[in-house]
Structures are given as structure tokens and as C-alpha cells.
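What follows is each chain in one-letter form.
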Amino acid sequence: LNGTQIGAKYMKQYFEWLLGNYTVKQVMLADNKLPATIAQSIADVLSDKSTAVSVLDVSSNDLGTKGTKTIFKSLKSNSALTELILAGNKINDDGATALSESLDLNTSLCKLNLADCGLGKDSLKKLFAVLSNNRKILFLNLSVNEMNMSVAIALGEMLSANRIIEEIRIVNCNIGSREIVPIAEGIGKHSKLKKVVLDQNKFGKGGLTPLAQALCQSTSITKISLKTIDTTTKEVDEFLRGLARVKLALRISLKSNNLTANNFTATLAKLPSVKAKF
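Please read all numbers here as calculations on a predicted model, not as lab measurements.

## Some words on the overall build of the protein
Reasoning step 1: In terms of helices and strands, the protein carries ten helices and ten strands.
Reasoning step 2: Whereas a compact globule of 278 residues would reach a radius of gyration of roughly 19 Å, the protein reaches 20 Å, a difference of no more than 12%.
Reasoning step 3: If one aligns the C-alpha atoms of the protein with their principal axes, the spans along those axes are about 65 × 35 × 30 Å.
Reasoning step 4: Across the 278 residues in the protein, those meeting the buried criterion constitute 51%.
Reasoning step 5: Put simply, of all contacts in the protein between residues at least 6 apart along the chain, 84% involve residues at least 24 apart.
Reasoning step 6: Taking the average place of the 36 positive charges on the side chains of the protein and the average place of its 24 negative ones, the gap between the two points comes to 6 Å.

Structure, rendered in C-alpha cells:
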């Protein structure tokens, strides 16, 4: 039902029908202008101990803080939902606090998409504190939530402590050459992290060296995306040279940086474990 915009009245009827249906596993309701008032109907379904819904996509709606808080409360007792997509809903700090509390009790959620949710520095820090000890979340998307230095430090600490996340997306979060340092440190220490997406952050001038060090330290990362990071041919060549000690086969995307592949042929020839796309 993505983008159908069938209205709150009929959407409520849909959720009432879901309460009696224990076979539907995916509920896809992105871009429907769902208001906060529909959140209780969603929560009722998630609170139903017999629900089979494992994937819920309510991205790009108008649930706001009030609506998302209602949904988050239902996560405390839910044991079926494995993926929650909330991108584009303005959760803000109050909603993020409620989410953090629910994650402490939830036992099933593995994938969490919080892109463009208006998360402030305090809410991000609370979320990272919970995720430090979380043993369920495998996929985390925090894109388009601005991160200053204090948030970057908290993120790095979370990654250092966490032992389960396999993929993290931090796209367009205003991460510069200073903020990438503590994040890179956490990336290097994580033992399960396989894929990192850092596109559209401006750390390409001065921030690639600590990232190269982290990738050499890592025992798990095999893919990293560095599209549109405001870098230069010289910076990237030095970055690639710094990957001589990577432990695993590594795939790097450096597209959309105005780079020419031929400029790195000689460097990459000395790095059989590294494959890069420009």
C-alpha cells in the first residue's frame, strides 16, 4: 500500500482487519500521509501476541513525535517485528527517548531505519547508549540526522562496544574531517561490522587517513561507500596506499567524487585485496 494515500478512515479499517489476520508478514505503508491518530491502530496490531507482521514500513508519513511514541511503546511486548522503517517521520528527541526505552525490552527487532527523523544530539546519544549493549540490531540507518563532534564521539564509543551490527548507514550527516576520527576508531574496533556507508559527508579532505587505519584494523569490513565526500585525487591515492595492510577483500565505492580511475591504476595494482569504483 505504499503511496496509495487511501486516507485515515480506510487505513484504520485495514488495521482492524489485520488484528484478525495472522498470515500477513509485511505491512508497507510508506508515503501515505498517515497522521499521528492512526498510530494507535498500528500499535494495537504490534501488541497482538498472535501478529505475524515482521516488516513495517511507515516511512515518509506524518506520524510525528506523538504517533511514533505510541508505536514504540508497543515494541516492548512485541516479539514478531524484525524490521522497522521510520525514515522521514520527525520523531525528534521525545520520540527517540521512547524508542531507546523500548529497545531495551524488545527481543526481535533486527533492522532499524531512522533516516531523516529529526534526531538531535541528546536523542542520538541516548540511542547510542542503548545500542552499545544491544544484541539484536544488525542493520542501522541514521542518515540525514546531523552529527556534531559530541555525537560522533558517542557513535564511536557505541561501535567500539557493540558486537552485533553488520551494516550501518550514515549518509549526509554533516560529518567532517574532525568528526570522522572517533567514528573511524569505533569502526576499526567493531568485530562484526561488514558494510559502512558514509556518502555525502565532507571529510574527504583530511579525514581519509584515520579511516584507512580503521579499515586495516578491522577484521570484518568488506564493503565501504564513500560517494560525494569532497575529496581530491591526492587524498584518495594516499588513502588507498594506506590500505596495504587490510585483512580482508575490500570493496570501495568512490563514485561521484570527480575522480578518474586511471589515476589510481598503479596504486591499486599493489593492492590485490582492494577493489575500487570511481
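## A few points about the pattern of salt bridges
Here the idea is simple: oppositely charged side chains can pair when their charged atoms come close.
Reasoning step 1: Using the criterion set out here, one finds six salt bridges in the structure.
Reasoning step 2: The shortest N-O distance in the salt bridge between Asp237 and Arg241 comes to 2.8 Å. Placement of both Asp237 and Arg241 in helix H9 (residues 233-241) is noted, with a separation of four residues, approximately one turn of the helix.

## Things to note about the side chain of Ser123
Reasoning step 1: Following the sequence through the fold, Ser123 ends up in helix H5 (residues 121-131).
Reasoning step 2: Residue Ser123 is classed as buried on the basis of its relative accessible area of 2%.
Reasoning step 3: Side chain to side chain, Ser123 and Asp93 meet in a polar contact 2.9 Å long.

About the thresholds
Residues numbered from 1 in each chain as written. Predicted model: local features only at pLDDT ≥ 70, side-chain atom pairs only at ≥ 80, totals over all residues. Heavy atoms only, no water. Helix = DSSP H or I, 4+ residues; strand = E, 2+ residues; numbered from the N terminus. Rg over C-alpha atoms; globule rule 2.2 N^0.38 Å. Buried < 20%, exposed > 50% of the residue type's maximum accessible area, 1.4 Å probe, protein only. Contact = heavy atoms within 4.5 Å. Lys, Arg positive; Asp, Glu negative; His and termini not counted. Charge placed at Lys NZ, Arg CZ, Asp CG, Glu CD. Salt bridge = Lys/Arg side-chain N within 4 Å of Asp/Glu carboxyl O. Polar contact = N/O pair within 3.5 Å; in protein donor to acceptor, adjacent residues only side chain to side chain.

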